[in-house]
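Tertiary structure, described
So the chains spell out like this:
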Amino acid sequence: MQRTEINEIQTRLYTFGFNPGPIDGSPGPMTQVAAMKYRAERGLPQTDVINRELLEALRQDPAPQVAQAPQPPRRAPPRTYVQRRSDDPFESLRIAGDKFGRWLQSLGNN
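Figured I'd write up the structure that's included with this text.

Rules behind the numbers
Residues numbered from 1 in each chain as written. Predicted model: local features only at pLDDT ≥ 70, side-chain atom pairs only at ≥ 80, totals over all residues. Heavy atoms only, no water. Core = buried A, V, L, I, M, F, W, Y, C linked by side-chain atoms within 4.5 Å. Buried < 20%, exposed > 50% of the residue type's maximum accessible area, 1.4 Å probe, protein only. Helix = DSSP H or I, 4+ residues; strand = E, 2+ residues; numbered from the N terminus. Contact = heavy atoms within 4.5 Å. Phe/Tyr/Trp six-rings, centres within 6.5 Å; stacked < 30°, edge-to-face > 60°.

Considerations on the nonpolar core
Formed by Ile9, Leu13, Phe16, Phe18, Ala34, Ala35, Tyr38, Ile50, Leu54, Leu55 and Leu58, the largest nonpolar core amounts to 11 residues. The set of elements that each furnish at least two residues to this core consists of helix H1 (3–15), helix H2 (29–42) and helix H3 (52–60). Ignoring anything within four residues of it in the chain, the contact list for phenylalanine 18 reads Leu13, Ala34, Lys37, Tyr38, Glu41 and Arg42.

Some details on the packing of aromatic side chains
In total, this model carries three aromatic pairs according to the counting rule given. Summarising the aromatic geometry, the rings of phenylalanine 16 and tyrosine 38 are spaced 5.9 Å apart at their centres and angled 50° between planes, so their arrangement reads as tilted. Remark: tyrosine 38 occurs in helix H2 and phenylalanine 16 occurs in the loop between H1 and H2; sequence separation between them is 22 residues. The exposure class assigned to phenylalanine 16 is buried, which follows from its relative accessible area of 14%. Taking 5.8 Å as the distance between ring centres and 90° as the angle between the ring planes, the aromatic pair formed by phenylalanine 18 and tyrosine 38 counts as edge-to-face. Taken together, the residues span a long stretch of sequence, with phenylalanine 18 in the loop between H1 and H2 and tyrosine 38 in helix H2 at a distance of 20 residues. Note on tyrosine 38: relative accessible area 1%, which makes it buried. Among the aromatic residues, ring-to-ring pairing joins Phe16, Phe18 and Tyr38 into one connected group.

This is the structure in structure tokens:
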């Protein structure tokens, strides 16, 4: 087999989810194991031989459907409480002064 054909076998094995190792056109032991696993899953005769029959089987096998990863449930953003702004830039000082005045009055009532 030519190096380009072995490269195609490795690429196709990889796209089907079988790890052929480096896609380098060299039929190493990882490519042989991936070929055996592919054949076993497809009900083909068990052999680790990398040949044109394997290439044809891979070419005729329909493209794998890529599964979508499940999306985590969406969480509602945390609620934030924002005080409404008044048009009066001294409102917060006035409110603080009122509270302080009430506190002083409460001291005098004792």
